[in-house]
Amino acid sequence: MRSDSISIRPGVAGVVVNDEGNILLHKRRVEHAWAPPSGAVNPGEDVRGALKRELREEACLEVEIDRFVGLYSDPAFQVVDDPAGDSIHFVTSLFACRVSDGRLEGSDEGLDWGWYEPEGLPDPLLPYAERWLTDTLAGHARPVVREGARHTRGGGGWAVYTSDAAAEEGRG
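Since we're looking at a predicted model, the values are computed, not measured.

1. Digging into the side chain of N18
Thinking step 1. Tracing the backbone through its elements, the reader meets N18 in the loop between β1 (6-17) and β2 (23-28).
Thinking step 2. If we skip the residues at most four places from it in the chain, N18 touches V99 and W115.

The structure is reproduced here in structure tokens:
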């Protein structure tokens, strides 16, 4: 695919937990794999407001945002095809959230919706979803910035840059 045929947009995603500690996932229509809810930031919105709107529209849930997990921009994982067939490179702000009100009623943006124990996540997970869930569940003290995959020591890995500029390599 030519790079000029890909648009770039700010995105948001939330790893949402309920009172039982289960994680909200949905099976995406295009890829037929599981991921946390996510979406685009509309003009005039801030990222926190966009995430709350997305969760209200897609899952009928109100959430409290507990922390900013990280920023994700690697085109190898963050370019997705929408149902219309357009390719979009999302630069995604990921947040850890908890349900404050509502009952899950998943929209038709997902083929299926459900709550899953962290040790019993469904297969297959989308590659970016695996990374988002790993980072959120790791509970990093500072946000991470996930950029392009690094190929070190004969294998692929991620560069993790926290806000104190410490780098870890080879994870993922």
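2. Quick look at the nonpolar core
Thinking step 1. Ranked by size, the top nonpolar core spans 23 residues in total, and within it L25, Y72, L94, L126, Y128, W132 and L133 carry the most contacts.
Thinking step 2. Contributions of two or more residues to this core are made by β1, β2, β3 (34-35), β5 (61-72), β7 (87-102) and α3 (127-138).
Thinking step 3. Sequence-distant contacts of Y72, that is, excluding residues within four places in its chain, are made with Q78, F90, V91, T92, L94, R131, W132, D135, V144 and R146.

3. Regarding the pattern of salt bridges
Thinking step 1. Per the stated rule, a full pass over the model turns up nine salt bridges.
Thinking step 2. With a shortest N-O distance of 3.1 Å, R53 and E54 are connected by a salt bridge.
Thinking step 3. A salt bridge links R98 to D66; the nearest nitrogen and oxygen atoms lie 2.9 Å apart. One end of the pair, R98, is in strand β7; the other, D66, is in strand β5, and 32 residues separate them in sequence.
Thinking step 4. The exposure class of D66 is partly exposed, given its relative accessible area of 43%.
Thinking step 5. Here the salt bridges share partners, and the residues they tie into one network are E45, R53, E54 and E57.

4. Concerning unusual backbone geometry
Thinking step 1. The omega torsion across D123 and P124 is -10°, close enough to zero to call that bond cis.
Thinking step 2. Checked against the element boundaries, P124 lands in the loop between β8 (110-116) and α3.
Thinking step 3. Its identity is not glycine, yet H32 carries a phi of approximately 55°, on the positive side.
Thinking step 4. If you trace the backbone, H32 turns up in the loop between β2 and β3.
Thinking step 5. Within the chain, C60 stands out as a residue other than glycine whose phi angle is a positive 60°.

5. Quick look at helix α1 (residues 47-59)
Thinking step 1. A rise of 1.5 Å per residue sets the reference length of α1, with its 13 residues, at 18 Å; its end C-alpha atoms lie 18 Å apart and thus fit the reference within 8%.
Thinking step 2. Against β1, β2, β4 (38-40), β5, β7 and β8 lie the buried residues of α1.
Thinking step 3. Near the N-terminus of α1, the side chain that reaches the backbone nitrogen of R48, with its oxygen 3.1 Å away, is that of D46.
Thinking step 4. Directly beyond the C-terminal end of α1, a positive phi value near 60° is found at C60.

6. Focus on the environment of R9
Thinking step 1. As for its position among the elements, R9 is in strand β1.
Thinking step 2. The exposure class of R9 is partly exposed, given its relative accessible area of 30%.
Thinking step 3. With 83 residues separating them in the primary sequence, R9 and T92 have C-alpha atoms 8.5 Å apart.
Thinking step 4. For R9, the contacting residues outside a window of four places in its chain are A40, V41, N42, I88, H89, F90 and V91.
Thinking step 5. Reaching out from R9, the side chain makes a polar contact with the backbone oxygen of V41 at a distance of 3.3 Å.

7. Focus on the packing of aromatic side chains
Aromatic ring pairs are described here by two measures, namely the spacing of the ring centres and the angle between the planes.
Thinking step 1. Enumeration according to the criterion identifies four aromatic pairs in this entry.
Thinking step 2. Geometrically, the ring pair formed by Y72 and W132 is edge-to-face, given 6.4 Å between the ring centres and 65° between the ring planes. On the criterion of sequence distance, the pair formed by Y72 in strand β5 and W132 in helix α3 is long-range, its members being 60 residues apart.
Thinking step 3. Assessed through its relative accessible area of 2%, W132 is described here as buried.
Thinking step 4. Between Y128 and W132, the ring centres sit 4.6 Å apart and the planes meet at 50°, which makes this aromatic pair tilted. With Y128 and W132 both in helix α3 and four residues apart, this pair spans about one turn of that helix.
Thinking step 5. Taking the relative accessible area as the measure of exposure, Y128 reaches 6% and is therefore buried.
Thinking step 6. Linked through ring pairs, Y72, Y128 and W132 together constitute an aromatic cluster.

Analysis parameters
- Residues numbered from 1 in each chain as written.
- Predicted model: local features only at pLDDT ≥ 70, side-chain atom pairs only at ≥ 80, totals over all residues.
- Heavy atoms only, no water.
- Helix = DSSP H or I, 4+ residues; strand = E, 2+ residues; numbered from the N terminus.
- Contact = heavy atoms within 4.5 Å.
- Core = buried A, V, L, I, M, F, W, Y, C linked by side-chain atoms within 4.5 Å.
- Buried < 20%, exposed > 50% of the residue type's maximum accessible area, 1.4 Å probe, protein only.
- Salt bridge = Lys/Arg side-chain N within 4 Å of Asp/Glu carboxyl O.
- Expected span 1.5 Å × (residues − 1).
- Polar contact = N/O pair within 3.5 Å; in protein donor to acceptor, adjacent residues only side chain to side chain.
- Phe/Tyr/Trp six-rings, centres within 6.5 Å; stacked < 30°, edge-to-face > 60°.

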